[in-house]
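Each chain, written out:
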Protein chains: 2
Amino acid sequence: MKISTKGRYALRLMTDLAIHKDDGNISIKSIATRQNISEKYLEQIIKLLAKENLVESTRGAQGGYKLTREPIEYTVGEILRVTEGSLAPVACLETDDNPCENCMDCVTLEIWQCVLDAVNKVVDSITLQYLVDKQKEKGNCGCC
Amino acid sequence: MKISTKGRYALRLMTDLAIHKDDGNISIKSIATRQNISEKYLEQIIKLLAKENLVESTRGAQGGYKLTREPIEYTVGEILRVTEGSLAPVACLETDDNPCENCMDCVTLEIWQCVLDAVNKVVDSITLQYLVDKQKEKGNCGCC
DNA sequence: TAATATACTACAAAATTACTAGGAATTCAA
DNA sequence: TTGAATTCCTAGTAATTTTGTAGTATATTA
């Protein structure tokens, strides 16, 4: 039941962008340096965020990325789902609408649905702004 | 954020044992056949449950496994934690007591703690007896 | 036009998951 | 007392997923 580095890095990446939101375009390189994460790997993660319009990119010199909205308008849940994929504990729950036919009438499916709902409720209640505010007080160890 | 087959199989295994709780020792072989799960793999999973005294084993002919308590005295959470390990979304939360030193003052740790609490709350509120009751009504597709 | 970026595709290493194999030890029943 | 049934134990291995690397094309600016 682990969150992968993709999701964790995405949170740090987005927090970094939020903190520097008034500094124009932010290059992957600068984020990678500050956060001590592989540049190329970050590139792949930010691509996922760009595809879903959570960030926008500008190519070329002085290019880089920036947020498309205010930090308070993002939730942690949204960021995690874009980078991790669904937070569902089983594959059958990955499509929003219809779980797999066999599972429709399955005992355990309802358990996993409850778990998913509980997880989503938590992560959807926390905004990126909250991370920014806390970060300024506390810091981020980088390991979780 | 997936539950592995270990945890899912363990749930089916324990439900199977609960349903046959008055039939004496239940062999791995019979469970494997009923549940259509590899015998050798089940063996490894049940070993984890036996080590923590969720089931007891009898060796030799006519041997097998049985529950050590009534089905209502097990929670899904307990079964999952024994087989999956902690349900924590990050390694730093795996030991109950003290998260890693660096993380103590970390922004994201509190998010993961909230997620863990939410997940545990759900799975700890469901008993094995509930699975048995529902199973009799609904069945189990085996894929989740 | 050189420097600085992102965009894209493919590959690869490392870690984890999900088994498989084989035999030793134990118990029961004939 | 022997053979069948069963758990116990250790290793190995295949498949999958995660976590990156590498290289090149494309775009932008000074």
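Read on for an overview of the structure. Since we're looking at a predicted model, the values are computed, not measured.

### Some words on the packing of helix α1 (residues 5-19) of chain A against helix α6 (residues 128-138) of chain A
Two packed helices can be described by the angle between their axes and the distance between those axes. Residues and elements named next belong to chain A. Closest axis-to-axis distance for the α1/α6 pair is 9 Å, and the angle between their directions is 75°. In terms of orientation, α1 lies roughly perpendicular with respect to α6. Along the contact surface, α1 presents L11, M14, T15, A18 and I19, while α6 presents L128, L131, V132 and Q135. Residues belonging to the contact of α1 with α6 are distributed by class as follows: seven nonpolar, two polar and no charged.

### Quick notes on the environment of C103(A)
Mapping C103(A) onto the fold places it in the loop between α4 (76-84) and α5 (107-123). Given the relative accessible area of 0%, C103(A) is considered buried. When the C-alpha positions of C103(A) and I37(A) are compared, they lie 40 Å apart, and in sequence the two are 66 residues distant. Setting aside chain neighbours within four positions, we find C103(A) in contact with C92(A), L109(A), C141(B), C143(B) and C144(B).

### What about the relation of the copies chain A and chain B?
When chain A is fitted to chain B, the residual RMSD is 0.0 Å, and the transformation amounts to a turn of 180° plus an axial shift of 0.0 Å. Overall, the copies show the geometry of a two-fold rotation axis. It is M1(A) whose C-alpha, among those of chain A, lies nearest the rotation axis, at 2.2 Å. Taken as a fraction of all interface residues of chain A, those also at the interface in chain B reach 100%, which identifies the copy contact as same-surface.

### A word on the protein's contact with DNA strand C
In the neighbourhood of DNA strand C, 26 residues make up the surrounding shell, with E43(A), S57(A), Y65(A), K40(B) and Q44(B) lying closest. Backbone atoms, meaning sugar and phosphate, make up 60% of the atoms of DNA strand C lying within 4 Å of the protein. If you list the elements that add at least two residues to the surface near DNA strand C, you get α3 (39-51), β1 (55-58) and β2 (64-67) of chain A together with α1 (5-19) and α3 (39-51) of chain B. At four residues, the largest contribution of residues to the surface near DNA strand C is made by α3(A). Per-class residue counts for the surface near DNA strand C are seven nonpolar, 13 polar and six charged.

### A few points about the protein's contact with DNA strand D
Around DNA strand D lies a shell of 26 residues, among which K40(A), Q44(A), E43(B), S57(B) and Y65(B) are the nearest. Counted by atom, the contact set of DNA strand D within 4 Å of the protein is 59% sugar and phosphate. Within the side chain of Y9(A), one N or O atom sits 2.9 Å away from a phosphate oxygen of DNA strand D. G60(B) is positioned with one of its backbone polar atoms (N or O) 3.5 Å from a sugar or linking oxygen of DNA strand D. Counting only elements with at least two residues in the surface near DNA strand D, the list comes to α1 and α3 of chain A together with α3, β1 (55-58) and β2 (64-67) of chain B. Considering every element that reaches the surface near DNA strand D, the biggest residue donor is α3(B), with four residues. Tallied by class, residues from the surface near DNA strand D come to seven nonpolar, twelve polar and seven charged.

### Let's talk about unusual backbone geometry
Peptide bonds are, in most cases, trans, and in most cases residues other than glycine have a negative phi. Residues and elements named next belong to chain A. In this structure, N36 is a non-glycine residue whose phi angle is positive, near 55°. In this fold, N36 is placed in the loop between α2 (28-35) and α3. N36 gets classed as exposed once you look at its relative accessible area, which sits at 71%. In this structure, Q62 takes a positive phi of about 65° despite not being glycine. Along the chain, Q62 turns up in the loop between β1 and β2.

### A few points about the pairing of β1(B)
The side chains of a regular strand alternate, first on one face of the sheet and then on the other. Residue and element names in this part refer to chain B. Where β1 and β2 come together, four bridges link them in antiparallel fashion. Residue pairing for β2: V55 is matched across the bridge by L67. Hairpin geometry of β1 and β2 is characterised by an intervening segment of five residues between the two adjacent antiparallel strands and by a positive phi of about 80° at G60.

Cut-off values and rules
Residues numbered from 1 in each chain as written. Chains lettered and ligands numbered in written order. Predicted model: local features only at pLDDT ≥ 70, side-chain atom pairs only at ≥ 80, totals over all residues. Heavy atoms only, no water. Axes fitted to C-alpha atoms, helices over the stretch in contact; angles between N-to-C directions. Helix = DSSP H or I, 4+ residues; strand = E, 2+ residues; numbered from the N terminus. Parallel < 35°, antiparallel > 145°, perpendicular 65-115°, else oblique. Contact = heavy atoms within 4.5 Å. Nonpolar A, V, L, I, M, F, W, Y, C, P; charged D, E, K, R; others polar. Buried < 20%, exposed > 50% of the residue type's maximum accessible area, 1.4 Å probe, protein only. Least-squares fit on C-alpha atoms with pLDDT ≥ 70 in both. Near = heavy atom within 4 Å. Polar contact = N/O pair within 3.5 Å; in protein donor to acceptor, adjacent residues only side chain to side chain. Pairing = 2+ DSSP bridges.

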